[in-house]
Structures are given as structure tokens and as C-alpha cells.
Amino acid sequence: AQFVKTHFGVEETFDYKDKDWSKKVKAYTQSGVDVVVDIAGGDILSSSLKICNYGARVAQVGVLSGTESCYKTMDLVHHLVSIKGIFMDSTDHLR
């Protein structure tokens, strides 16, 4: 978490393993997020969509939590969220 804050200008990070992470995101932002970098995939993607602001972007980078996800289509459509899959071998691809 500190690495991405220092090297990529990320303001805050949240651990997907924390069962209340999405509530903490809402509390921290007072609304939701414009960008999600999802390293977990699986069921976490569904929670990520629920915290997105109108027009948000989701970068699906990893599958640490699973390779299949089920989400409510309206969570995606209602907020005009776009999801893009990103494949990387290392963090060098982010630079």
C-alpha cells in the first residue's frame, strides 16, 4: 500500500480482505470513487462496482479472489461504469 502511495500518487488504499472495506471507502470519500484498481477480482468486483461514482473506471488487474464474478448489471449501467482488464507481468508496466 505504501509503495503505490509513494510511487504512483495514490491518496489512500483499502485492503479487500477487510470485510468492511467498501464501507470504509464510502466513509473516506463521503460518496464513492472515480477509479478502482481491483487486484482481487472474483466477488470483490461486485463490491467495487457498488462504490463507484457516475462515470467511474475500474481497472481489473488481478484475480487473487477468484476468476469468476457475479454482479448486478444495473450497478454497472446505472453509473456508466467502464471496466477494463489489464494484464501485467510486473509493476514496471504501471510506470
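Quick note: structure is the one above.
### Brief notes about the layout of surface pockets
Right, on to step 1. In this model, the largest pocket occupies a volume close to 1,300 Å³.
Right, on to step 2. If you list the elements that add at least two residues to the lining of the largest pocket, you get α1 (2–8), α2 (21–29), β1 (33–38), α3 (44–50), β2 (52–60) and β3 (82–85).

### What about the side chain of serine 48?
Right, on to step 1. With respect to the secondary-structure elements, serine 48 resides in helix α3.
Right, on to step 2. Of the residues examined, serine 48 reaches a relative accessible area of 2% and is grouped as buried.
Right, on to step 3. In this view, serine 48 contacts Trp21, Val36 and Asp38; residues no more than four positions away in its chain are not counted.

### So, unusual backbone geometry
Right, on to step 1. Here the phi dihedral of glutamine 30 falls at roughly 70°; this positive angle occurs in a residue that is not glycine.
Right, on to step 2. Among the secondary structure elements, glutamine 30 is positioned in the loop between α2 and β1.
Right, on to step 3. Residues other than glycine seldom take positive phi values, yet leucine 80 does so here, at roughly 50°.
Right, on to step 4. Mapped onto the fold, leucine 80 is located in the loop between α4 (73–77) and β3.

### Overview of the sheet that holds β3
Right, on to step 1. Judged by pairing direction, the sheet is parallel, and its 3 strands sit side by side in the order β1-β2-β3 without closing on themselves. The open sheet terminates on both sides in strands that have one partner only, identified here as β1 and β3. Within this sheet the neighbouring strands show an average axis-to-axis angle of 15°, counted without direction.
Right, on to step 2. Two strands pair when backbone bridges link them, and β1 and β2 are joined in this way by 5 bridges, in the parallel orientation. By the bridge assignment for β2, valine 35 is matched with arginine 57.

Criteria and cut-off values
- Residues numbered from 1 in each chain as written.
- Predicted model: local features only at pLDDT ≥ 70, side-chain atom pairs only at ≥ 80, totals over all residues.
- Heavy atoms only, no water.
- 1 Å grid on protein atoms, 1.4 Å probe; cavity = no way out; pocket = protein on both sides within 12 Å on 5 of 7 lines; lining within 4 Å.
- Points joined across faces, edges and corners; volume = space filled by probe spheres on them.
- Helix = DSSP H or I, 4+ residues; strand = E, 2+ residues; numbered from the N terminus.
- Buried < 20%, exposed > 50% of the residue type's maximum accessible area, 1.4 Å probe, protein only.
- Contact = heavy atoms within 4.5 Å.
- Pairing = 2+ DSSP bridges.
- Axes fitted to C-alpha atoms, helices over the stretch in contact; angles between N-to-C directions.

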